[in-house]
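# Topology and contacts: notes
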Amino acid sequence: MRWILVLTIPLAACSKGPAADLPSIGEARSLGAEWALVNEQAAQGHLTPTYVETMRKQLRRQLQSGLASMTQPDSPYGDEARALLSEPDDASPEALRRHVRALKQIEDSLESA
Amino acid sequence: MKLGDPLKLVSQLLDLPILDKDGRWCGIVDDVELEGGPGKPTRVMALLVGPGAYEGRMPGFVFRLVRAVAGGRIVRVPVSEIANIASAVKLNCKAEAAGLHRTEDRARAWIPRWGAL
Amino acid sequence: MNPLELTLGIMTAVGGFVDISELVFAAQAGSIFGYALIWVFAFSTIGIMAFGEMSGRVAAVAKQPVFNLIRHRLGLKLGLVTLVASLLSTVITCAAEVGGMGLILNHLTGAPYLLMAAASVAVLMASMWILPFKWIERVYGLLGLLMIVFAAALVAIHPPWDRLAEGFVPRVPTGLSAKKLLQFAYFGVAILSAVMFPYEAYFYSSGGIEEEWGPKDLLTNRVTTTVGFGLGSLLAIAILASAAQLFGPANVAPELPGSAALEAAIPFGRTGLLLALLGMLFAVAGAAVETCMANAYAVAQFFGWEWGRHKKPWEAPRFTLAWIALFLLALLIAMTGVEVMSLVEYAVLFSIIVLPLTYLPLMLLAGDKGYMREHANKWLAKGLGWTYFVIVCAAAIAAIPLYLLTSGGQA
């Protein structure tokens, strides 16, 4: 999967779509990271169940809205955002952070392009 | 400042708040009525208060919008009712006597008189 | 100077300093730029101290509320432009605060966000109806002191204090790309706007008249604005610094207002989380009340109506109807479903544009010996006032281009 990303990033960086989607990619990355942080703290018993449930709902809704606003939803970053969305609510922080790292890689390479 | 003293209409009178003899807020000096003419002494005859007095002080289309929302009422307060002009115009009569509290009184009918400490 | 009154005044100012905009921008600024924007918070706080002190002094000596001055100094046409612009910016700010309350109550209770926003407005309106001015200000300001949990949380996570202290030194980080520089500038403008919101001057000055301040209260005014706002600003800086320590390394740039509560949950667990959410709730509630009242003050003062919560609601009927209508309008905006974060950005954008029109008449009057006698602006107030006025004008010009170029701070 990572090799596919590495090969397609230069192609993606050349088109107008990815540049326009940069804010959405950053938002998805941050939302994924917030979700991972919430799940990590929940596992340590630091959060109330109500807070965890409401944060997960809001994060998921925001991710869906971000994905809907991407100009190229079928791009590698769109696939990554969709994969993040398909994770269960109580996904492990590490699983969520794998998606976050992938999105961060794409974000950084687009910013430096 | 006392009546009879010269005053700067724009910086010392126009758009000043008006307080009645009991210290209640009862409007803003929206315009003034003058007596006199070019080359003759000019005196302030009355203060004009109300949205109708905005005509001439703003673009026509804005005034028409204001009039549609707030009406075109003008209340004329004769200069004889003015006690003092400083940071506000102080009247020597009550707001009701000057015709300045009608809208406030109409609004009061909508407010229940209970519950407040 | 009554020590108890002074202490309560300072504590109210501290608890009432942070609102939803400062919460959001402090957390984002810290997570994206580390400690580099601390100096902007400190710098902006000096600005609000200067103008807050002026607005309180004008209330105490000239006994003139801000919007009377604006009408008198700018005239009807420009005054009306200022009134409409400030109403727009403050209504949007109020809607953001109402939305923020709805979100926080959703996190506390699990009840639907829109229902909680509506319930919040009902409770706020009831409190404004029942309580006289002093108690409205005190209740929300003192309960907002629960925000101190953020300062405690910062200490508990052992930040690098030397790097944090360096954040107070004005500088732009080196090695930033052009996009990141623009984003840094956007955050600078946004923080300046959020700290120096025009509604603060309207509310503070009108509050001084509500409390019948006179020249004997000038020292209270000076101490409240400097110590109170200064300590309040430290709370906002604590939120920024915790975000730098906890969110930045985790790739989090908080997209939700509720994320800030994690800063207290991480060191203190559920107790920290609940204290943070309650502190945020009351701080934002206080800001909702202030923005609504500031708007009602503006309209009533501009048109010369009876105004003030030192009167019973039926003694100032048009003023009462104004704040009720404005609260309902803010709720309506929140209920359109516009994201609270978007409302915060629009509020900050509109407010910085209105700021020059608000502060210029205030500064001119505070320096006018005809009104202020021996209490007119001296060299420090003049120097600070004009310096900040120039900076605010520059920020007002740069605000919209920066917003567009950075897609609202996203770079």
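Residues numbered from 1 in each chain as written. Chains lettered and ligands numbered in written order. Predicted model: local features only at pLDDT ≥ 70, side-chain atom pairs only at ≥ 80, totals over all residues.

### Topic: the overall build of chain C
Test applied: Put simply, DSSP marks the helices as runs of H or I at least four residues long and the strands as runs of E at least two long, and each gets a number from the N terminus on. The globule rule used here is 2.2 Å times the number of residues to the 0.38 power, and the radius of gyration it is set against is calculated over C-alpha atoms. Counting other C-beta atoms within 10 Å of its own, a residue is labelled buried from 20 upward, exposed at 12 or fewer, and partly exposed in the gap between, with every C-beta atom placed from the backbone. Distance between backbone-placed C-beta atoms decides contact: two residues are in contact if it is within 7 Å.
Within chain C, the secondary structure is distributed over 16 helices and zero strands. In terms of overall dimensions, chain C is globule-like: its C-alpha atoms have a radius of gyration of 20 Å, near the 22 Å expected for 411 residues. Over its C-alpha atoms, taken along the principal directions, chain C stretches across nearly 55 × 45 × 45 Å. Out of the 411 residues in chain C, the part that is buried amounts to 61%. Taking contacts inside chain C between residues at least 6 apart in sequence as the whole, the part at least 24 apart equals 86%.

### Section: the overall build of chain A
Scanning chain A from terminus to terminus reveals five helices and zero strands. Start at the N end of chain A and walk to the C end: the helices and strands fall as α-α-α-α-α. Going through the 113 residues of chain A one by one, you find that 41% of them count as buried.

### Here's the deal with the sheet that holds strand S7 (residues 89-91) of chain B
All names here are of chain B. Put simply, the test is: DSSP calls a pair of strands paired once it identifies at least 2 bridges connecting them. Only the stretch in contact is used when a helix axis is fitted, and all axes are lines through C-alpha atoms; the angle between N-to-C directions ranges over 0 to 180 degrees.
If you trace the four strands from one edge of the open sheet to the other, you get S2-S1-S7-S6, paired in mixed fashion. Since the sheet does not close on itself, it has two edges, and those belong to strand S2 (25-28) and strand S6 (82-85), each with one partner. Strand-to-strand twist of the sheet, defined as the mean angle between neighbouring strand axes without regard to direction, takes the value 25°. By the bridge criterion, two bridges tie strand S1 (residues 17-19) to S7 in an arrangement that is parallel. Paired with Ile18 across the bridge in S7 is Val89.

### Some points on the confidence of the model for chain C
Test applied: A residue's pLDDT is simply how confident the predictor is in it, with values from 0 to 100.
Within chain C, residue pLDDT values average 92, and 100% of them lie at 70 or more. Scored as a whole, the predicted complex attains pTM 0.91, and scored at its interfaces, ipTM 0.92.

### Observations regarding the interface of chain C and chain A
Short version of the rule: The residue classification treats Ala, Val, Leu, Ile, Met, Phe, Trp, Tyr, Cys and Pro as nonpolar and Asp, Glu, Lys and Arg as charged. All others, Gly included, are polar.
The partner chain A presents 25 residues to the 24 residues of chain C that form the contact. Elements represented by at least two residues in the side of chain C that touches chain A include exactly helix H4 (66-109) and helix H12 (262-303) of chain C. Across the side of chain C that touches chain A, the residue classes break down as ten nonpolar, eleven polar and three charged.

### Section: the nonpolar core
Residue and element names in this part refer to chain C. Put simply, the test is: Structurally, a nonpolar core is described as a collection of buried Ala, Val, Leu, Ile, Met, Phe, Trp, Tyr and Cys residues joined by way of C-beta atoms within 7 Å.
In terms of nonpolar packing, the biggest core is built from 202 residues, with Ile191, Ile239, Leu240 and Leu362 touching the most fellow members. Residue contributions to this core peak at 28 residues, all from H12. Dropping the residues within four chain positions of it, Leu362 is found in contact with Phe51, Met54, Ser55, Val58, Val66, Leu69 and Ala201.

### Here we look at the environment of Leu326 of chain C
Residues and elements named next belong to chain C. The topology assignment puts Leu326 in helix H13 (residues 317-335). The buried category is assigned to Leu326, around which 22 C-beta atoms lie within 10 Å. Separated by 60 residues in the primary sequence, Leu326 and Ile266 place their C-alpha atoms 38 Å from one another. Beyond its immediate stretch of four places on either side in the chain, Leu326 contacts Val91, Cys94, Cys292, Asn295 and Ala296.

### Quick look at the interface of chain B and chain C
Many authors give the size of an interface as the accessible area that is lost as the parts come together. Residue-level contacts link 23 residues of chain B with 26 residues of chain C. Breaking the side of chain B that touches chain C down by element, the ones donating at least two residues are S1, S2 and helix H3 (102-108) of chain B. Per-class residue counts for the side of chain B that touches chain C are 13 nonpolar, four polar and six charged.

### Some thoughts on helix H3 (residues 38-61) of chain C
Residues and elements named next belong to chain C. The criterion, for reference: A helix is expected to reach a length of 1.5 Å times the quantity of its residues less one.
The end-to-end C-alpha distance of H3, which contains 24 residues, comes to 35 Å, matching closely the 34 Å that a straight helix rising 1.5 Å per residue would cover. The buried fraction of H3 amounts to 20 of the 24 residues, a majority that puts the element mostly inside the structure. The positive-phi residue at the C-terminal boundary of H3 is Lys63, with phi of around 55°.

### Quick look at the pairing of S6 of chain B
Residue and element names in this part refer to chain B. With three bridges joining them, S6 and S7 adopt antiparallel strand pairing. Residue Ile85 lies in a different strand from S7, and its bridge partner there is Val89. The turn joining S6 and S7, which pair antiparallel and follow one another in sequence, is formed by three residues.

### Brief notes about the packing of helix H2 (residues 20-33) of chain C against helix H14 (residues 340-366) of chain C
If you want to describe how two helices pack, look at the angle between their axes and the distance between the axes. Residues and elements named next belong to chain C. Defined as follows: Roughly parallel covers angles under 35 degrees, roughly antiparallel covers those over 145, roughly perpendicular covers 65 to 115, and oblique covers all other angles.
Relative to each other, H2 and H14 sit at 100°, their axes nearing to 10 Å. In terms of axis orientation, H2 runs roughly perpendicular to H14. Residue-level contacts link Ile20, Ser21 and Val24 of H2 to Met341, Val344, Ala347 and Val348 of H14. Of the residues that constitute the contact of H2 with H14, the class distribution is six nonpolar, one polar and no charged.

### Quick look at the packing of H3 of chain C against helix H16 (residues 379-405) of chain C
Residues and elements named next belong to chain C. We apply this condition: Throughout, a crossing is termed right-handed when the near helix is turned clockwise from the far one, and left-handed when it is turned anticlockwise from it by less than a right angle.
Running from N to C, H3 and H16 point in directions that differ by 120°, and their axes come no closer than 10 Å. With respect to their mutual orientation, H3 and H16 come out oblique. Considering the relative orientation of H3 and H16, their crossing is left-handed. Within the contact between the two elements, H3 uses Gly47, Ala50 and Met54 and H16 uses Ala381, Leu384, Gly385 and Tyr388. Among the residues making up the contact of H3 with H16, the classes are represented as five nonpolar, two polar and no charged.

### Quick word on the confidence of the model for chain A
All names here are of chain A. This prediction gives chain A a mean pLDDT of 87; 86% of its residues lie at or above 70. The element-level mean pLDDT for chain A is lowest in helix H1 (residues 2-14), coming to 49, with helix H3 (residues 49-68) highest at 96. In the model, residues 10-15 has pLDDT below 50 throughout and makes seven contacts with residues more than four positions away in sequence or in other chains.

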